Structures are given as C-alpha cells and as structure tokens.
Amino acid sequence: MTGQDVEREYRKLVDEIKTCTRCRLHRTRRNPVPGEGPLDAKVMVVGEAPGRNEDLQGRPFVGAAGQLLNKLLELAGLERKEVYITNVVKCRPPGNRDPREDEVEACLPYLLRQIQLIRPRLVIAVGRHAARRLLELAGHPWHSMGSQHGKVYRGRIAGVDLAIAVTYHPAAALYKPPLRKKLEEDFRGPIARIVAEIKS
Ligand code: URA
C-alpha cells in the first residue's frame, strides 16, 4: 500500500468509528476517540477506553493519565508526537466502568485495522484490558499484570510482525502510587531497550 492508500483507508476507518453504532456505548458517548499520531509510527500505545476528558475532546489520553503517559514515553526515549495512541474500546463507558466483553468484541476490528494500516514494530499495551487482548491475539496466554508487566512478547497481529510490551495503566498509578515506580521501571528498562532496538 502506498502512503496515499494508507491515508485514504485511515480516513475511512475514522469515519466509520465516528458513526459507529455496533455497541451500546454509542448511546452515551459524546465523542468517539479513534486515536491519534503519525500513520507511519513505529510504536503504538493501546489503552483501555476513553475517560471523561477524552470523551469531551475526542482525543486519547488527554487527562491526568495522559500527562503521566507522556512522561513515561520520555523515559523510554519516545516523544508523544512520534507515537500512535489509541484504545481497545473507542467510546467512553459510562462512569468509566470497565468495558464489557461484548463492547470489546464489537470494537476490536477497528484496532486490528489500525494495526494493519500503521504496521507498528512495537505495541505498548497499558493496562490489563489491552494486554490481555493483544497477547491473546498474538497467541500468548494472559495470566496477570503482576506476573507479566515489563515483559516483551513477539507475535503477529493482523498480519503484522510486532513486539508487545505489557505494563500497568498510568491511571492505576494515579490512585495506587507504588505502581508508578513499577511503570517507570518498565518504561526505563525493557520498553526503552526495545525502542532503542527499533530505532537503530
Ligand atoms: N485511559 C485510557 O485507557 N485511555 C484513554 O484514552 C484515557 C484514559
């Protein structure tokens, strides 16, 4: 696919997400949040679902968790503007409840198409919802964040060979401060190493 094809397909995808009615979340969302970042990004971050600020602005990770994410990316040698950022679920669950299984299933084809178009070399899965889904798609079992954070898995998703780095959700560190140290260690250590490898 040429760069122009990718852009055209991406615009189509964003239009579909913006008018999506595949699950109940379209009734309560203000703005769907497709994702943002360069279409030739080597690194993709996948979170859980938009929160209140994201729902208001239609952009991913713009609240307090997003500010922490930006700092964590820097620890791994990345600037936010070089990373494509999205979520497993593109619409805010009411009151920020966990996304339900059928909502994730309904939304997953969009994430697969994003991966297919952007072809990242590394996907950073933040939080258990993203980690579980992405690992399962790549054929790896999911056990727990405690045992799998900081690990980097190899696999193929939507026909793209990539690495998947698993870590905690930045929002979790906002209400459980000890997790911040673990997140920082993951970004400064294993994630920074794979980023350096990809950029070399
Ligand atoms: N939490 C997420 O998982 N995604 C966002 O976009 C914001 C907060």
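Residues numbered from 1 in each chain as written. Predicted model: local features only at pLDDT ≥ 70, side-chain atom pairs only at ≥ 80, totals over all residues. Heavy atoms only, no water.

Engineer: So, the environment of Arg80: which residues are in play, and what are the values?
Structural biologist: Take Arg80: it is sitting in the loop between α4 (64-75) and β2 (83-87). Along the primary structure Arg80 and Gly37 are separated by 43 residues, whereas in three dimensions their C-alpha atoms are 8.2 Å apart. Not counting residues within four places of it along the chain, the set of residues in contact with Arg80 comprises Glu36, Arg59, Pro60, Phe61, Gly66, Asn70, Leu73 and Ile85. Engagement of the side chain of Arg80 in a polar contact is seen with the side chain of Asn70, the distance being 3.1 Å. (Helix = DSSP H or I, 4+ residues; strand = E, 2+ residues; numbered from the N terminus. Contact = heavy atoms within 4.5 Å. Polar contact = N/O pair within 3.5 Å; in protein donor to acceptor, adjacent residues only side chain to side chain.)

Engineer: If you had to explain helix α1 (residues 3-18) to someone new, which residues and values would you point to?
Structural biologist: Helix length check: α1 (16 residues) gives 22 Å between terminal C-alpha atoms against 22 Å at 1.5 Å per residue, within 8%. Three or more residues of α1 are buried, namely Val6, Tyr10, Leu13, Val14 and Ile17. With its buried residues spanning 100° around the axis, α1 presents them on a single face. Across from the buried face of α1, at angles greater than 90 degrees, the exposed residues are Gln4 and Arg11. Check the buried side of α1 and you find it contacts β2 and α5 (101-118). (Expected span 1.5 Å × (residues − 1). Buried < 20%, exposed > 50% of the residue type's maximum accessible area, 1.4 Å probe, protein only. Arc of directions from axis to C-beta.)

Engineer: How would you summarise empty space enclosed by the protein if you had to cite specific residues and measurements?
Structural biologist: Inspection of every chain in the model, using the stated rule, returns 1 cavity of 30 Å³ or more. What the largest cavity holds in volume is close to 110 Å³. Surrounding the largest cavity, 15 residues form its lining, Cys20, Cys23, Cys91, Cys107 and Tyr110 being those nearest its centre. The set of elements that each furnish at least two residues to the lining of the largest cavity consists of α2 (25-28) and α5. If you tally residues by element for the lining of the largest cavity, the top one is α5, at 4 residues. Tallied by class, the residues present in the lining of the largest cavity amount to 9 nonpolar, 2 polar and 4 charged. (1 Å grid on protein atoms, 1.4 Å probe; cavity = no way out; pocket = protein on both sides within 12 Å on 5 of 7 lines; lining within 4 Å. Points joined across faces, edges and corners; volume = space filled by probe spheres on them. Nonpolar A, V, L, I, M, F, W, Y, C, P; charged D, E, K, R; others polar.)

Engineer: Can you tell me about the sheet that holds strand β5 (residues 160-167), naming the residues and giving the values?
Structural biologist: What the 5 strands build is an open sheet, ordered β2-β1-β3-β5-β4; its pairing is mixed. Lying at the two open borders of the sheet, with one neighbouring strand each, are β2 and β4 (152-157). Within the sheet, the average angular offset between the axes of one strand and its neighbour, ignoring direction, is 25°. Pairing of β4 with β5, which is carried by 6 bridges, proceeds in the antiparallel orientation. What sits directly across from Val152, in β5, is Ala165. Where helix α6 (residues 128-137) meets the sheet, its contacts fall on β1 (43-47), β3 (122-126), β4 and β5, and the angle it forms with β3 comes to roughly 140°. (Pairing = 2+ DSSP bridges. Axes fitted to C-alpha atoms, helices over the stretch in contact; angles between N-to-C directions.)

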